[in-house]
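As a plain string of letters, each chain reads:
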Amino acid sequence: MTSYPHAEPGLAASVISHGHGRLVQSLLQDLAQGCQGSVARVVLTLNLPEAEPVAPAGGWPFLLEIRRNAAPLGFGANHNRALRGAVERMVCVLNPDVSLRGGNPFPALCAAASPADVGCAYPEQVDERGQVQDAERELPSPAALWRRRVLGRRERRVDWVNAAFLVMRREVWDALDGFDERYFMYCEDVDLSLRMRLMGLSLQKAAVQVGHVGQRDSQRRAAYLAWHVRSLWRLWRSPVYRQARSLLPVDTGRARTIGAP
């Protein structure tokens, strides 16, 4: 069995709920039952009015901070506020629709995120049928999107990863100043990944697997599609994207998996 020398440092996790009460309850129960000692604090932001999760009989084995927004904020703004001033060595951005599939992914993720040249660590994501999700993507240029959406081709390299489940050293999070809040929804994870890469940091996949529902609202709802298009337009016009275009096309290697045999 693989040993992880940096297994369980103090870690603060940020979870945002947009009326996801049932999913949040399930996620917190997963954390309580399978991740005792790995997670020191969970900041749950209720972006819409809803009931608070119900604690188990013995209470939560981590500090649970619940914050209620008077008005909904964007994805990046919520996580930035939740993790601002964190004192834990590790921080985690975690979607409410993630399930831990009966295991504790944090030792491997914290080990993968610990080296000084790593920006963040992330797990493999699978859907409810066990199919691996496409959480790893190449730079979303118009040509890349055409190959993906129209031609149905697979990604050629890993330039960014989605923010459903990211673990990073707090010093990295602080150096990045969190997410760029000008992205209300969509592309904030692209921007964050690219800024890590421009700092010379890598994106590391740990040898652990989690479930992720993956709502993909932009493919079904017009308002979300409009947000997606606006965010892409902002990204393409940004200095981060322009710098990344000059750096990343020559990087054709795929992300290295930490802890793999």
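Cut-off values and rules
Residues numbered from 1 in each chain as written. Predicted model: local features only at pLDDT ≥ 70, side-chain atom pairs only at ≥ 80, totals over all residues. Heavy atoms only, no water. Helix = DSSP H or I, 4+ residues; strand = E, 2+ residues; numbered from the N terminus. Buried < 20%, exposed > 50% of the residue type's maximum accessible area, 1.4 Å probe, protein only. Contact = heavy atoms within 4.5 Å. Areas by Shrake-Rupley, 256 points an atom, 1.4 Å probe, with all protein chains shown as cover. Polar contact = N/O pair within 3.5 Å; in protein donor to acceptor, adjacent residues only side chain to side chain. Core = buried A, V, L, I, M, F, W, Y, C linked by side-chain atoms within 4.5 Å. Phe/Tyr/Trp six-rings, centres within 6.5 Å; stacked < 30°, edge-to-face > 60°.

**Considering the overall build of the chain**
And then number 1: When you go through the chain residue by residue, the secondary structure sums to 8 helices and 11 strands.
And then number 2: Residues counted as buried form 52% of the 261 residues belonging to the chain.
And then number 3: Of the contacts made within the chain by residues no fewer than 6 positions apart, 77% connect residues no fewer than 24 positions apart.
And then number 4: In the structure as shown, the chain presents an accessible area of about 12600 Å², 52% of it carried by carbon and sulfur atoms.

**With respect to the side chain of Asn162**
And then number 1: Mapping Asn162 onto the fold places it in the loop between strand 8 (160–161) and strand 9 (165–169).
And then number 2: Relative accessible area serves as the criterion here: at 18%, Asn162 is assigned to the buried category.
And then number 3: Here Ala164 takes part through its backbone nitrogen, which lies 3.3 Å from a polar atom of the side chain of Asn162.
And then number 4: Ignoring sequence-local partners within four residues, the contact set of Asn162 consists of Gln125, Ala135, Asp189 and His212.

**Structural notes on unusual backbone geometry**
And then number 1: The phi torsion at Asp177 lies on the positive side, around 60°, for a residue other than glycine.
And then number 2: As for its placement among the helices and strands, Asp177 is situated in the loop between helix 5 (170–176) and helix 6 (188–198).
And then number 3: Judged by its relative accessible area of 64%, Asp177 is exposed.
And then number 4: Of note in the backbone geometry, Tyr186 takes a positive phi value of approximately 80° without being a glycine.
And then number 5: Mapped onto the secondary structure, Tyr186 falls in the loop between helix 5 and helix 6.
And then number 6: Residue classification places Tyr186 among the buried positions, given a relative accessible area of 18%.

**Details of the nonpolar core**
Buried together is how nonpolar side chains tend to be arranged in soluble globular proteins.
And then number 1: Ranked by size, the top nonpolar core spans 34 residues in total, and within it Leu11, Leu31, Val42, Phe106, Phe165 and Val167 carry the most contacts.
And then number 2: Of all elements in the fold, only strand 1 (11–17), helix 1 (21–34), strand 2 (41–46), strand 4 (90–94), helix 3 (106–113), strand 9 and strand 10 (202–212) reach the threshold of two or more residues within this core.
And then number 3: Looking at which element gives the most residues to this core, the answer is helix 3, with 6 residues.
And then number 4: When near neighbours in sequence (up to four residues on either side) are disregarded, Leu11 contacts Ser38, Val39, Ala40, Arg41, Glu88, Met90, Cys92, Phe106, Cys110 and Val167.

**Regarding the packing of aromatic side chains**
And then number 1: According to the stated counting rule, one finds 4 aromatic pairs in the structure shown.
And then number 2: Geometrically, the ring pair formed by Trp60 and Phe62 is stacked, given 5.7 Å between the ring centres and 20° between the ring planes.
And then number 3: According to the relative accessible area criterion, Phe62 is buried, its value standing at 7%.
And then number 4: Plain terms: the ring middles of Trp173 and Phe179 are 5.5 Å apart, the flat faces sit at 80° to each other, and that makes the pair edge-to-face. Taken individually, Trp173 and Phe179 each receive the classification buried, so the pair is uniform in this respect.

**Concerning the side chain of Arg157**
And then number 1: By the element assignment, Arg157 lies in the loop between helix 4 (142–149) and strand 8.
And then number 2: On the basis of relative accessibility, which here comes to 8%, the residue Arg157 falls in the buried class.
And then number 3: Here the side chain of Arg157 touches Asp159 through a polar contact of 2.8 Å, side chain to side chain.

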